[in-house]
Amino acid sequence: MGIYLIKVTACLAIFIVFYKLVLENESMHTFKRFYLISSLIAASIIPAVLFTEYIYITPEPVLNTYVSEINSDEIPVFYQKTDYLTPTLWTIYGLGVLIFGCKFCSNLFKIGTRIRRNPKINYDRSIHVLLEERLSPHTFFNFIFLNKQKFEAQEIPEEVLLHEQAHAVQKHSLDVLFIELMQVILWFNPLIYLFKRAIKLNHEFLADQAVLQKGAELSNYQNILLAFSSNAPETQLANAINYSSIKKRFNIMKKTTSKKAIWLRSLLVLPMFALALYSFSESEIIQIDKSLENSTSSNLPPENLQEQKSDSIQYKYIEKPNAPNMQDIAKWKNSFKYALWIDGKHTSNKELENYKLSEFVHYSSSFIYNNARSQQFPQPYQVSLFTKNKFKKQFTTNYRELNIHINKAAQILVQGELVSVLGLKQHLSKLNTDLSKEEKSEIVRGFIHVRLETPKQAVKNVSNILEEYGCVTIDIVGEKEQQDGATIKQLAAYNIIARKYNEMNTSTMRIKKGEVDQMTYLYTIMTDDQKKNAEAFPELPPMPEPPMPPSTQKIGKGEVSAIPAPPAPPKSPLDHVIEMARKNANFYYEGKAITSDEAIDLIKNNNNLNIDTRNTGSKNPSVKISKEPILIKN
């Protein structure tokens, strides 16, 4: 917010300086009127303009060092220093807005009271309001306020009435209301008062020009203005004759600007606005991972994750939590760039203020292409945050319905992965890890999808494994209960994977075994007609040969074996820290320097902390201990 206000001030300074030097003393008052109003609007908009450039990159490899989940109950809580400056500044700003807002409303109320309580006379396209007070003639929209005694005695010259009539006809009060509202919002900015004075002075130029165009004699009109100008109090929201601007108005009345000069000065405004836009707008370079172009779920909003998980073909989205930091939370508060979900539910970005950083254990984000954005979610990014309990339910490999497909070749597809009968038990042991066996026997259901040609022994083997696993029910879904061939969702999944590999260059193709197994299985259950209409099965390069087993040659007495010895087991975290303490290492815990004894005590009490050691060969290595996972970039 502070940077935005600084940029607004800079834009206002450029625009008002340009006006003072190039436009103010020229006889092009209508253009100047729109320039001043447009400058205020542009100064408010330009700092919020965002230009986005998209760059496709190949991401660098990142090594994730992750030890294990830390129990938050075992770690002392560190509190951030309370920020008093920000709420104090906002309080002062709010008081200023309140004071100027009350003053603005009070002025409106005074004008309304004068209109209601005083006699009015309809005259041409305006209404004369006759006042008992001795005030200078002034105008508010089509109401012209005049002293009753002078008006009835016909002591008000026709030129003064024409002047006020010009204010009413040209709707100058709209400009005055706009600048007064801007003053309420930007009351602390001195430049807003320069704009206010310039706008009101230009209104006088326009009214003077209208009177002279009606045939008034210049010297006589100037004498009338001198006679009627005074320092008497006047209503802030009205246009009135004022003595302080008389001299400048007299000079402008005598000046004539040529059409060529008007065009030249008008054209200079364009590069000046362009310069301000270039200098004070925001720019952003978005790096897009090329691998995301072929992602099957990059354009799915987070609330569709659960729906996708309920399909017979399922995918595991992540393997470990990815916690956000303070900078992430700060930028996600921008509702124009980020659509936000918390625990699977779409919510306002302001809701982040009700959470502590420590409450979020995982986030995922995705860039949404223009053609995939909706009216409800027009933002270029979608972010999904998860608290600890919801993360466990959503992202541990939990499948309350186990869908196992067996084809005629006895191939088994379970939760989107092709496994053997022998490997099925091991695969199931990774699923529903948050449930005990008793809980599984109450809520986990098994479905075995078979075809007419499926071997009965394979069905029996799978059924026995599911029974041992602890399913509450095991249903065998036969050919009569399912459509012939692959389902629509299975065809769609096959087409996505097959198209991805068909578009790859065979010489540089990178194959994922899980995807190829899934694609092969789906192709085998498709009917001949489905195969004709589906994406062609891609030509895949041969899989690399497995490495040869180590030599079993006999080693004679006195000979040295060519087979390398197995690596020594890694040191325990405690042994490593003790060794670094002997080397006079500098120890840090959560960014704060600690002694070697304190570091050893930390590791003794909690083996699940993360350790990052740098410059081990130097005299004073650096050892960082953290409760958060440590990312090491290559």
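For the structure itself, consult the block above.
Just so we're clear, the structure is a prediction, and the values are computed from it rather than from any experiment.

So, how was this worked out
Residues numbered from 1 in each chain as written. Predicted model: local features only at pLDDT ≥ 70, side-chain atom pairs only at ≥ 80, totals over all residues. Heavy atoms only, no water. Helix = DSSP H or I, 4+ residues; strand = E, 2+ residues; numbered from the N terminus. Contact = heavy atoms within 4.5 Å. Areas by Shrake-Rupley, 256 points an atom, 1.4 Å probe, with all protein chains shown as cover. Pairing = 2+ DSSP bridges. Axes fitted to C-alpha atoms, helices over the stretch in contact; angles between N-to-C directions. Core = buried A, V, L, I, M, F, W, Y, C linked by side-chain atoms within 4.5 Å. Buried < 20%, exposed > 50% of the residue type's maximum accessible area, 1.4 Å probe, protein only. Parallel < 35°, antiparallel > 145°, perpendicular 65-115°, else oblique. Left-handed = near helix turned anticlockwise from the far one by under 90°. Phe/Tyr/Trp six-rings, centres within 6.5 Å; stacked < 30°, edge-to-face > 60°. Lys NZ or Arg CZ within 6 Å of the ring centre and 35° of its normal. Expected span 1.5 Å × (residues − 1). 1 Å grid on protein atoms, 1.4 Å probe; cavity = no way out; pocket = protein on both sides within 12 Å on 5 of 7 lines; lining within 4 Å. Points joined across faces, edges and corners; volume = space filled by probe spheres on them. Nonpolar A, V, L, I, M, F, W, Y, C, P; charged D, E, K, R; others polar. Salt bridge = Lys/Arg side-chain N within 4 Å of Asp/Glu carboxyl O.

Okay, the overall build of the protein next. Helix and strand counts for the protein come out as 21 helices and 22 strands. Considering only intrachain contacts with a sequence separation of at least 6, the fraction spanning at least 24 residues in the protein is 71%. Summed over its atoms, the accessible surface of the protein is roughly 38200 Å², and 56% of this surface lies on carbon and sulfur atoms.

This part is about the sheet that holds strand S17 (residues 473–477). Strand pairs in the sheet, formed through backbone hydrogen bonds, run parallel or antiparallel to each other. With respect to topology, 5 strands assemble into an open sheet ordered S15-S14-S13-S16-S17, the strand pairing being mixed. Of all the strands in the sheet, the pair left with one neighbour each is strand S15 (417–419) and S17. Across the sheet, the mean angle separating the axes of adjacent strands is 25° when strand polarity is ignored. Along the sheet, helix H16 (residues 456–469) contacts strand S13 (401–406), strand S14 (412–414), strand S16 (445–449) and S17; its crossing angle with S13, the most-contacted strand, is approximately 165°.

With 29 residues, the main nonpolar core has Phe15, Tyr35, Leu40 and Phe195 as its most contacted residues. In terms of residue count, the dominant contributor to this core is helix H1 (residues 2–23) (8 residues). Excluding residues within four positions of it along the chain, Leu40 makes contact with Leu12, Phe178, Ile179, Met182, Ile192, Phe195 and Ile199. Among the nonpolar cores identified, the runner-up in size contains 20 residues, and Ile404, Val414, Val444 and Tyr469 belong to it.

When two helices pack together, their arrangement is captured by the angle between the axes and the distance separating the axes. Direction vectors running N to C along helix H5 (residues 158–169) and helix H7 (residues 191–213) enclose 125°, while the axes themselves pass 8 Å from each other. In this view, H5 runs oblique relative to H7, as classed from their interaxial angle. For the crossing formed where H5 meets H7, the hand is right-handed. Contacts from Glu159, Leu162, His163, Ala166 and His167 of H5 reach H7 at His203, Glu204, Ala207, Asp208, Ala210 and Val211.

Moving on to the packing of aromatic side chains. Throughout the structure, instances matching the rule amount to 16 aromatic pairs. Here the aromatic rings of Tyr494 and Tyr523 are separated by 5.8 Å at their centres, their planes lie at 35°, and the arrangement is tilted. Residue Tyr494 is located in helix H17 (residues 488–502), and its partner Tyr523 is located in helix H18 (residues 513–525); the two are separated by 29 residues in the primary sequence. By relative accessible area, Tyr494 is classed as buried at 0%. Through pairs of rings, three or more aromatic residues link up here, namely Phe15, Phe18, Tyr19, Tyr35 and Phe273. Sitting over the face of the ring of Tyr523, Lys531 holds its NZ or CZ atom 4.7 Å from the ring centroid.

Our next topic: H5. Turn by turn, an α-helix covers 3.6 residues, leaving residues three or four places apart pointing in a common direction. A rise of 1.5 Å per residue sets the reference length of H5, with its 12 residues, at 16 Å; its end C-alpha atoms lie 16 Å apart and thus fit the reference within 8%. By the burial criterion, the buried members of H5 are Glu159, Val160, Leu161, His163, Glu164, Gln165, Ala166, His167 and Ala168. With its phi angle positive at about 55°, Lys171 sits one or two positions after the end of H5.

Below, the discussion takes up the environment of Ser365. In this structure, Ser365 sits in strand S11 (residues 360–367). If we skip the residues at most four places from it in the chain, Ser365 touches Gln382 and Val383.

Put simply, the second largest pocket is a space of about 540 Å³. The class makeup of the residues in the lining of the second largest pocket is 8 nonpolar, 1 polar and 4 charged.

Strand order in this open sheet of 4 strands is S19-S18-S21-S20, and the pairing throughout is mixed. Strand pairing shows two members of the sheet lacking a second neighbour, strand S19 (592–594) and strand S20 (610–614), which therefore form its edges. Neighbouring strand axes in the sheet, compared pairwise and without regard to direction, differ in orientation by 30° on average. As paired elements, strand S18 (residues 586–589) and strand S21 (residues 622–626) share 4 bridges and run parallel to each other. Bridge pairing in S21 links Phe587 to Val623. Helix H20 (residues 573–582) rests against S18, S20 and S21 of the sheet, and its axis sits at about 35° to S20. The strands that helix H21 (residues 596–605) touches are S18, S19, S20 and S21; relative to S19, the one it contacts most, it runs at about 100°.

Right, let's get into the pattern of salt bridges. Opposite charge on two side chains permits pairing when their charged atoms draw close. Inspection of the entire model under this criterion finds 13 salt bridges. A salt bridge links Glu24 to Lys20; its shortest N-O distance comes to 3.2 Å. Put simply, Lys20, Glu24 and Lys248 are held in one network by salt bridges that share partners.

Phi is positive for Phe141, close to 55°, though the residue is something other than glycine. Relative to the assigned elements, Phe141 resides in the loop between strand S5 (138–140) and strand S6 (143–147). We classify Phe141 as partly exposed; its relative accessible area is 23%. The backbone phi angle of Lys171 is positive, close to 55°, even though this residue is not glycine. Looking at where Lys171 falls in the secondary structure, it is placed in the loop between H5 and helix H6 (172–185).

What follows deals with the packing of H1 against helix H10 (residues 259–280). Where H1 contacts H10, the axes come no closer than 11 Å and their chain directions differ by 165°. In this view, H1 runs roughly antiparallel relative to H10, as classed from their interaxial angle. Regarding H1 and H10, the two cross each other, and that crossing is right-handed. Between H1, through Lys7, Ala10, Cys11, Ile14, Phe15, Phe18, Val22 and Leu23, and H10, the contact on the second element is made entirely by Arg265, Leu268, Val269, Met272, Phe273, Ala276 and Phe280. Of the residues contributing to the contact of H1 with H10, the split by class is 13 nonpolar, no polar and 2 charged.

Interpretation note: all reported values are geometric properties and have no functional meaning in isolation.
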